[in-house]
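Fold and contact review
Here's the letter readout for the chains.
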Amino acid sequence: MTAAPADLLIDRPATADGAALWRLAKDSKTLDLNSSYSYLLWCRDFAGTSAVARGADGTPVGFITGYVRPDRPDTLLVWQVAVDSAHRGHGIAAALLDGLTARLAESGVTRIETTITPGNTASERLFTSYAERHGAHLTREVLFPAELFPDGPHDSEVLYRIGPPTDSHAH
């Protein structure tokens, strides 16, 4: 993995970042785009379980949104991950995920869940390499089969369960 740029700041998102996160998701061409309103709410209500990568000028160049599962307070569900196309390939997504999980480990989060559609190799690599880096067990199973989605063709969503970390990098 290439190290993230030195001038990168991993931070909590602020409400003012909502529009930038919406644009990053829209420009990703792979994420399900939610309403701009939802990104504003996410930055307000789930800033503590999300992270944004800021370039030298403070502009968001990547983000992770997530929440702690209400019935599993040790588990972070990663909702979306996006990095601006001009900044991909520099380890920003991995830095975001490592930074966010390190911050949440302080409140007892030791596991990650996320869903990935088959063929999304960037996300598959991100979460597989995270598990390897942290010596964490990884399992996969279909969570939502394609036929459950009512709004047109949608790939199945495969649930990745990671954790807890077991190596010296563990949180």
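In this report, we go over the structure that sits alongside the text.

Conventions used here
- Residues numbered from 1 in each chain as written.
- Predicted model: local features only at pLDDT ≥ 70, side-chain atom pairs only at ≥ 80, totals over all residues.
- Heavy atoms only, no water.
- 1 Å grid on protein atoms, 1.4 Å probe; cavity = no way out; pocket = protein on both sides within 12 Å on 5 of 7 lines; lining within 4 Å.
- Points joined across faces, edges and corners; volume = space filled by probe spheres on them.
- Nonpolar A, V, L, I, M, F, W, Y, C, P; charged D, E, K, R; others polar.
- Salt bridge = Lys/Arg side-chain N within 4 Å of Asp/Glu carboxyl O.
- Helix = DSSP H or I, 4+ residues; strand = E, 2+ residues; numbered from the N terminus.
- Buried < 20%, exposed > 50% of the residue type's maximum accessible area, 1.4 Å probe, protein only.
- Axes fitted to C-alpha atoms, helices over the stretch in contact; angles between N-to-C directions.
- Parallel < 35°, antiparallel > 145°, perpendicular 65-115°, else oblique.
- Left-handed = near helix turned anticlockwise from the far one by under 90°.
- Contact = heavy atoms within 4.5 Å.
- Core = buried A, V, L, I, M, F, W, Y, C linked by side-chain atoms within 4.5 Å.
- Pairing = 2+ DSSP bridges.

For the rest of this paragraph, the subject is empty space enclosed by the protein. The gaps of empty space that remain are located by a probe, the size of a water molecule, rolled over the atoms. If you walk through the whole model with that rule in mind, you get one cavity of 30 Å³ or more. Its boundaries defined by the atoms lining it, the largest cavity holds a volume of some 70 Å³. Lining the largest cavity are twelve residues, and of these T110, R111, I112, Y130 and P165 lie nearest its centre. Residue composition of the lining of the largest cavity, by class: seven nonpolar, four polar and one charged.

Attention now moves to the pattern of salt bridges. One pass over the structure, following the stated rule, counts ten salt bridges. Its salt-bridge partner being R111, residue D74 comes within 3.3 Å of it at the nearest N-O pair. With D74 in strand β4 (residues 72-83) and R111 in strand β5 (residues 111-116), this pair connects stretches of sequence that are 37 residues apart. Residue classification places D74 among the partly exposed residues on the basis of a relative accessible area of 27%. Residues joined in a network through salt bridges with shared partners are R69, D71, R72, E113, E141 and R161.

The next subject is the packing of helix α3 (residues 92-105) against helix α4 (residues 121-133). For the pair α3 and α4, interaxial distance at closest approach is 10 Å and the crossing angle is 50 degrees. Between α3 and α4, the crossing angle belongs to the class labelled oblique. In terms of crossing hand, the pair formed by α3 and α4 is right-handed. The residues of α4 that touch α3, namely those facing A93, A94, L97, D98 and T101, are L126, F127, Y130 and R133. In terms of residue class, the contact of α3 with α4 is made up of six nonpolar, one polar and two charged.

Next up on the list: the nonpolar core. Ranked by internal contacts, the top residues of the largest apolar core, which has 28 residues, are V78, L97, F127 and I162. If you list the elements that add at least two residues to this core, you get β2 (51-54), β3 (60-69), β4, α3, β5, α4 and β7 (157-162). Of the residues forming this core, the biggest block, seven residues, is contributed by α3. Other than its neighbours up to four places away in sequence, F127 contacts V78, V81, L97, I112, T114, I116, Y160 and I162.

On the basis of which strands lie adjacent, the open sheet formed by seven strands has the order β1-β2-β3-β4-β5-β7-β6 and mixed pairing. At either end of the open sheet lies a strand with only one pairing partner, and these are β1 (9-11) and β6 (138-144). Averaged over all adjacent pairs, the angle separating strand axes in this sheet is 25 degrees, with direction ignored. Alignment of β1 against β2, held across three bridges, turns out to be antiparallel. Residue pairing for β2: L9 is matched across the bridge by R54. Of the strands in this sheet, β3 and β4 touch helix α2 (residues 36-45), which is tilted by about 70 degrees from β3.

Tracing the backbone through its elements, the reader meets H134 in the loop between α4 and β6. What makes H134 buried here is its relative accessible area of 5%.

For the bond running from G163 to P164, omega is -10 degrees, close enough to zero to count as cis. Relative to the helices and strands, P164 resides in the segment after β7. For K29, which is not a glycine, the phi torsion comes out positive at approximately 65 degrees. For K29, the position within the fold is in the loop between α1 (18-28) and α2. Note on K29: relative accessible area 72%, which makes it exposed.

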